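Per-entry structural report
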Amino acid sequence: MIEQAIQDRVSALEERIVAACRRAGRPRDQVRLLPVSKTKPGSALAEAMECGFRRFGENRVQEIVAKQAYLPEAEFALIGHLQTNKAAKAAELAVEFQALDSLRVAAALDRKLQTLGRSLDVLVEVNTSGEDSKFGLAPEQVMEFCGQLKDFDSLNPIGLMTIAMPSTDEEVVGACFDQLAELRNRLRAEAVASSSWDELSMGMSNDFELAIAHGSTCIRVGTAIFGSRPAPMAV
Ligand SMILES: *Cc1c(COP(=O)(O)O)cnc(C)c1O
């Protein structure tokens, strides 16, 4: 049964997280596990909720709309690129936005949040792999960009997010994680935008153990919980 499969995968995953934390000499509660449910049906999320999850990572606003309607008690972290014209909807529905990389989107989110009278936790996405296909700021843009976030009263910057290079070479992947951690240390040292930049969102199904070793505070795990996804359609 599918339900059993999700529960089993969550248990196996939890054991690996605990082991990775132990190897890194870090307490388990320093690492948040964000289940990534993109492309998966509401029924899969309902099963994951029975394992104790409440917040899910999604990368499309439309999918959050549908799943929120199906599961009113769930909450959603938007972890994918956001277009300005979807920002108002995202401000309404997401409790966290992990892929901020444009001031236009920041302004659009802030405007809507002001009218809603609430704030939104945001993480700034950094392209640490240097791949053209990736969203996120170039590392050298991060300090200035983060400084400008203080102009948006309703955005609460809590950290940085990255997708590492898809590689089996641990040095290459680890270098991406180290770069994110270094940027975070600089932001922290300078108290940029009056935030302590606590969150380092890095690590996915294939590289979360290494990310934990490099200081991750939030791993975003899809496949290892929900099973594989269909390959994205060519557009
Ligand atoms: C899909 C996705 C994930 C999860 O990827 P898996 O390899 O399935 O664990 C994590 N982060 C982001 C930004 C994603 O889009």
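Preceding block: the structure.
Anyway, here's the lowdown on the structure attached to this text.

About the thresholds
- Residues numbered from 1 in each chain as written.
- Predicted model: local features only at pLDDT ≥ 70, side-chain atom pairs only at ≥ 80, totals over all residues.
- Heavy atoms only, no water.
- Phe/Tyr/Trp six-rings, centres within 6.5 Å; stacked < 30°, edge-to-face > 60°.
- Helix = DSSP H or I, 4+ residues; strand = E, 2+ residues; numbered from the N terminus.
- Buried < 20%, exposed > 50% of the residue type's maximum accessible area, 1.4 Å probe, protein only.
- Near = heavy atom within 4 Å.
- Polar contact = N/O pair within 3.5 Å; in protein donor to acceptor, adjacent residues only side chain to side chain.
- Areas by Shrake-Rupley, 256 points an atom, 1.4 Å probe, with all protein chains shown as cover.
- Nonpolar A, V, L, I, M, F, W, Y, C, P; charged D, E, K, R; others polar.
- Contact = heavy atoms within 4.5 Å.

**Notes on the packing of aromatic side chains**
One pass over the structure, following the stated rule, counts one aromatic pair. Judged by centre distance (6.4 Å) and plane angle (40°), the ring pair of Phe56 and Phe76 falls under tilted. With a gap of 20 residues between them, Phe56 in strand E2 (residues 55-58) and Phe76 in strand E3 (residues 75-78) connect regions that are remote in the sequence. Across the pair, Phe76 and Phe56 agree in class, each one buried.

**A look at the site of the ligand**
Taken together, Val36, Lys38, Asn59, Ile79, Ile163, Met204, Ser205, Arg220, Val221, Gly222, Thr223 and Arg229 form the complete shell of residues around the ligand. Contact distances for the ligand include 2.6 Å between an oxygen atom and a side-chain N or O atom of Lys38. Backbone polar atom of Gly222 to an oxygen atom of the ligand: 2.8 Å apart, as the coordinates give it. Its free accessible area being 390 Å², the ligand has 92% of it covered by the protein chains. Considering only residue class, the shell around the ligand consists of five nonpolar, four polar and three charged.

**Side note on the environment of Ser129**
Checked against the element boundaries, Ser129 lands in the loop between strand E5 (120-126) and helix H6 (142-148). A relative accessible area of 12% places Ser129 in the buried class. Not counting chain neighbours up to four residues away, the residues in contact with Ser129 comprise Lys134, Ile163, Ala164, Met165 and Cys176. A distance of 3.3 Å separates the side chain of Ser129 from the side chain of Asn127, its partner in a polar contact. Looking at Ser129, its side chain comes within polar contact range of the side chain of Glu131, at 2.9 Å.

**Thoughts on unusual backbone geometry**
Phi at Ala191 takes a positive value of approximately 45°, unusual for a residue other than glycine. Here Ala191 is to be found in the loop between helix H7 (170-189) and strand E7 (199-201). In this structure Ala191 comes out as partly exposed when scored by relative accessible area, which is 45%. The phi angle at Trp197 is positive, at roughly 50°, despite the residue not being glycine. Mapped onto the elements, Trp197 comes out in the loop between H7 and E7.

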